[in-house]
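Remarks on the overall topology
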Amino acid sequence: MTPQQKIEILQTLIHIKSVNAHETDVADYLASLFAPYPQAQIEKVPFAPGRDNLVVTIGNPAGPQLGLSGHMDVVAAGDETAWTHPPFGGEIVDGRLFGRGASDMKSGLAAIVITMLEFLEQGTSLAGSLRLLATVGEETGEYGAATLTDAGYADHLAGAEPSGLDQVVYTARGVIDYKVVSTGVASHSAQPENGVNAIDNLMKFYNAVGPLMAKYTKTDPVLGGLLHNVDLISGGEQVNSIPAHAELMANMRTIPAYPNQIIYDELEALIDRLNQEPGVQLELSYSYPEEAILGDPQAPLVRLAKQISDDVCQHETQIVGSGGANDGAEFLRAKADFTSIEIGPGSDTSHQVDEYIELDDYLQAIAFYETLVPAFFAQIGQSSKRQ
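Description of the structure in this document. (Residues numbered from 1 in each chain as written. Predicted model: local features only at pLDDT ≥ 70, side-chain atom pairs only at ≥ 80, totals over all residues. Heavy atoms only, no water.)

Another aspect to go through is unusual backbone geometry. In this model, Asp104 is joined to Met105 through a cis peptide bond whose omega is -10 degrees. Of note in the backbone geometry, His22 takes a positive phi value of approximately 60 degrees without being a glycine. With respect to the helices and strands, the residue His22 is situated in the loop between α1 (3–15) and α2 (23–34). The exposure class assigned to His22 is partly exposed, which follows from its relative accessible area of 47%. (Helix = DSSP H or I, 4+ residues; strand = E, 2+ residues; numbered from the N terminus. Buried < 20%, exposed > 50% of the residue type's maximum accessible area, 1.4 Å probe, protein only.)

As structure tokens, this is what we get:
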């Protein structure tokens, strides 16, 4: 495959407006690239209508397995008039390809897809099974990774998130997004005794939860401390009515020292205590929470990825942690004995106006993955012989 063909695949992905949905359009396009190769096993694993995960498996099913993962959704472009380059245009200027998802993470997705296509095109004999895991809903909760994990697709995993090729991410924060809904009784504001103010009751939770979370003071040497932020509050209908409804949403970033269940127990105990007060009716719910990834900086796959990135990219690759959650947290729910890393092309423009990827980095990422895969199978094979 020529460099121009590789760039055109990425441009086509940018053209597809998979903004927090419509990932099946991406899955269909990627599946069409593998369709000419009968040795590629192509599966769609649905999450919701129009939101199919794509799994493509090639190589030797009798050998070890490695997954290459990437998500197909992107965040919204926002005010498109603020963009210098159309967000879904895939324009190339001065060696940079612009568009929503160029960094996060259609360049990484395209790179792992092309890696597999070139193995097929060249008839490369793989000592193990190589699997593409193209997921839906990563930006809003790792829905696709959860679906694939439940279906049994998790194994050793290299995700193509935009860490930059000079960083191997082995550990990451978890995430807890939660909502608290307060239900009151509406009345005229001139007769508040006839109603129950849902906002007042919601604020009881708000005022208590900050100090409650602040008592968790441990810090991770790589990831830092526990983070808790209330980011959305809404309630009421008009200024002269006692509100019957109010709600807030909060985002937490957890660390391995505090498994999510500890936080659930605290939040639920607070809700239960407040609900004992007269007139208080609070309801707590979660949205696809993820555990923190502990990881091991000395794991063979971590060290191998660093070595290959050093060699292929001619730089010093750092082994680091990530403040954000990723699909790896969901895949690790499988509780199997495997390693999850993230390393992929990207720039510091993810989720921003005029998001872009350097084409040299994108093409270099393909060379990295094409070197990593056979090296991983050789490493696993040598390990098995030693055992």
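Once the structure has been displayed, the description carries forward.
Right, let's talk about the packing of helix α5 (residues 198–214) against helix α6 (residues 260–274) for a bit. What describes two packed helices is the angle between their axes and the distance between those same axes. Contact geometry of α5 with α6 gives a least axis separation of 11 Å together with a crossing angle of 145 degrees. Taken as a pair, α5 and α6 cross one another with a handedness that is right-handed. Contact with α5, carried on its side by Lys204, Phe205, Ala208, Val209, Leu212 and Met213, involves Ile263, Glu266, Leu267, Leu270, Ile271, Arg273 and Leu274 of α6 and no other residues of that element. Residues of the contact of α5 with α6, tallied by class, amount to 10 nonpolar, no polar and three charged. (Axes fitted to C-alpha atoms, helices over the stretch in contact; angles between N-to-C directions. Left-handed = near helix turned anticlockwise from the far one by under 90°. Contact = heavy atoms within 4.5 Å. Nonpolar A, V, L, I, M, F, W, Y, C, P; charged D, E, K, R; others polar.)

Taken together, three strands build an open sheet; the order of strands is β4-β5-β19 and the sheet is antiparallel. The open sheet has two edge strands, β4 (92–93) and β19 (356–358), and neither has a second partner. Both strand β5 (residues 96–98) and β19 contribute to a ladder of three bridges, which runs antiparallel. Pairing of Phe98 across the sheet is with Tyr356, part of β19. Of the strands in this sheet, β4, β5 and β19 are in contact with α1, which crosses β5 at around 20 degrees. (Pairing = 2+ DSSP bridges.)

Considering all chains together, one arrives at seven aromatic pairs under this definition. With a centroid separation of 5.7 Å and 50 degrees between ring planes, the pair formed by Phe98 and Tyr356 is classed as tilted. You can see Phe98 sitting in strand β5 and its partner Tyr356 sitting in strand β19, a full 258 residues away along the chain. Each member of the pair, Phe98 as well as Tyr356, carries the same accessibility label: buried. (Phe/Tyr/Trp six-rings, centres within 6.5 Å; stacked < 30°, edge-to-face > 60°.)

Reading across from one edge, β13-β15-β9-β16 is the order of the four strands in this open sheet, with antiparallel pairing throughout. Across the chains shown, the open sheet's two edge strands, defined by having one partner strand only, are β13 (227–235) and β16 (282–286). For this sheet the average axis-to-axis angle between neighbouring strands, irrespective of direction, equals 20 degrees. Sheet topology note: the strand β9 (residues 174–183)/β16 ladder contains five bridges and is antiparallel. Residue pairing in the sheet places Val181 in a bridge with Glu283 of β16. Strands in contact with α5 are β9, β13, β15 (245–254) and β16; relative to β15, the strand with the most contacts, it is inclined by about 15 degrees.

By size, the foremost hydrophobic cluster in this structure holds 63 residues, and its most contacted members are Leu30, Phe34, Leu109, Leu130, Leu132 and Tyr362. Not counting chain neighbours up to four residues away, the residues in contact with Leu109 comprise Val26, Leu30, Gly70, His71, Met72, Leu132, Ala134 and Ala160. Counting 27 residues, the second largest nonpolar core, distinct from the first, contains Val180, Phe205, Tyr258 and Val280. (Core = buried A, V, L, I, M, F, W, Y, C linked by side-chain atoms within 4.5 Å.)

All right, on to empty space enclosed by the protein then. This structure, assessed with the given rule, holds two cavities of 30 Å³ or more. In this structure, the largest cavity encloses a volume near 40 Å³. Lining the largest cavity, in full, are Ser69, Gly70, His71, Met105, Gly159, Ala160, Glu161, Asn326, Asp327 and Glu342. Element by element, the count of residues in the lining of the largest cavity is highest for strand β3 (residues 65–71), at three residues. Considered as a void within the structure, the second largest cavity measures approximately 40 Å³ in volume. For the second largest cavity, the full set of lining residues is Val169, Tyr170, Thr171, Ile293, Asn326, Ser340, Ile341 and Glu342. Secondary-structure elements contributing two or more residues to the lining of the second largest cavity are β8 (167–172) and β18 (340–342). Residue classes in the lining of the second largest cavity are distributed as four nonpolar, three polar and one charged. (1 Å grid on protein atoms, 1.4 Å probe; cavity = no way out; pocket = protein on both sides within 12 Å on 5 of 7 lines; lining within 4 Å. Points joined across faces, edges and corners; volume = space filled by probe spheres on them.)

Let's shift gears to the environment of Leu133. Within the secondary structure, Leu133 sits in strand β6 (residues 129–135). The buried category is assigned to Leu133, whose relative accessible area is 1%. Spatially, the C-alpha atoms of Leu133 and Ile42 are 11 Å apart, while their sequence positions differ by 91 residues. Setting aside residues up to four positions removed in sequence, Leu133 forms contacts with Leu54, Val55, Leu68, Ser69, Gly70, Leu148, Tyr153, Leu157 and Phe331.

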